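Structural overview
Next come the chains, spelled out residue by residue.
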Amino acid sequence: MRDWSHNALRGGYRLHAPDGRGVRSPALDAVDLPLLAIGIFGDSVAPLEAQRALLAMMPRARIDERMLRGRDEDSPWARHFGWVRQPEAVVAACCDWLAQRGSGTAAR
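Below you will find a few notes about this structure. Since this is a predicted model, take the numbers as computed values, not measurements.

1. Side note on the environment of Leu36
In this structure, Leu36 sits in strand S1 (residues 34–40). As a C-alpha pair, Leu36 and Arg62 span 26 residues in sequence and 8.5 Å in three-dimensional space. Other than its neighbours up to four places away in sequence, Leu36 contacts Asp64, Arg66, Ala93, Cys94 and Trp97.

2. Some remarks on the side chain of Arg66
Tracing the chain through its elements places Arg66 in strand S2 (residues 62–68). Overall, Arg66 belongs to the buried group, its relative accessible area being 15%. A polar contact is formed between the side chain of Arg66 and the side chain of Asp96, at a distance of 2.7 Å. Side-chain polar atoms of Arg66 contact the side chain of Gln100, separated by 3.1 Å.

3. What about the pairing of S2?
Alignment of S1 against S2, held across 7 bridges, turns out to be parallel. Bridging across to S2, Gly39 finds its partner in Met67. In terms of handedness, the path from S1 via helix H3 (residues 48–56) over to S2 forms a crossover that is right-handed.

Criteria and cut-off values
Residues numbered from 1 in each chain as written. Predicted model: local features only at pLDDT ≥ 70, side-chain atom pairs only at ≥ 80, totals over all residues. Heavy atoms only, no water. Helix = DSSP H or I, 4+ residues; strand = E, 2+ residues; numbered from the N terminus. Contact = heavy atoms within 4.5 Å. Buried < 20%, exposed > 50% of the residue type's maximum accessible area, 1.4 Å probe, protein only. Polar contact = N/O pair within 3.5 Å; in protein donor to acceptor, adjacent residues only side chain to side chain. Pairing = 2+ DSSP bridges. Right-handed = clockwise from strand over helix to strand, strands pointing away.

Pasting the structure below:
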């Protein structure tokens, strides 16, 4: 939560040097687990580029990215945390990913 707060208030991650070059974190480098990354198209708070920059800090993780519809006329999510009030699509993506993990078919 402190990292999230730092990012929201100041931009960037504390794992980055002041000049903008990435500083490797042993904790993130060591992540060697399957990871589900859910992004929402059109989310100005967490754009796809920011998500991918964060995921790049975990080069050993087996990442499965899922993009959900966001800011368009058919989406119920008008704000960054809008999905929390109507979480069905996020829950479905998580359940699908977990089911794939159980059957051994998820991205590796």
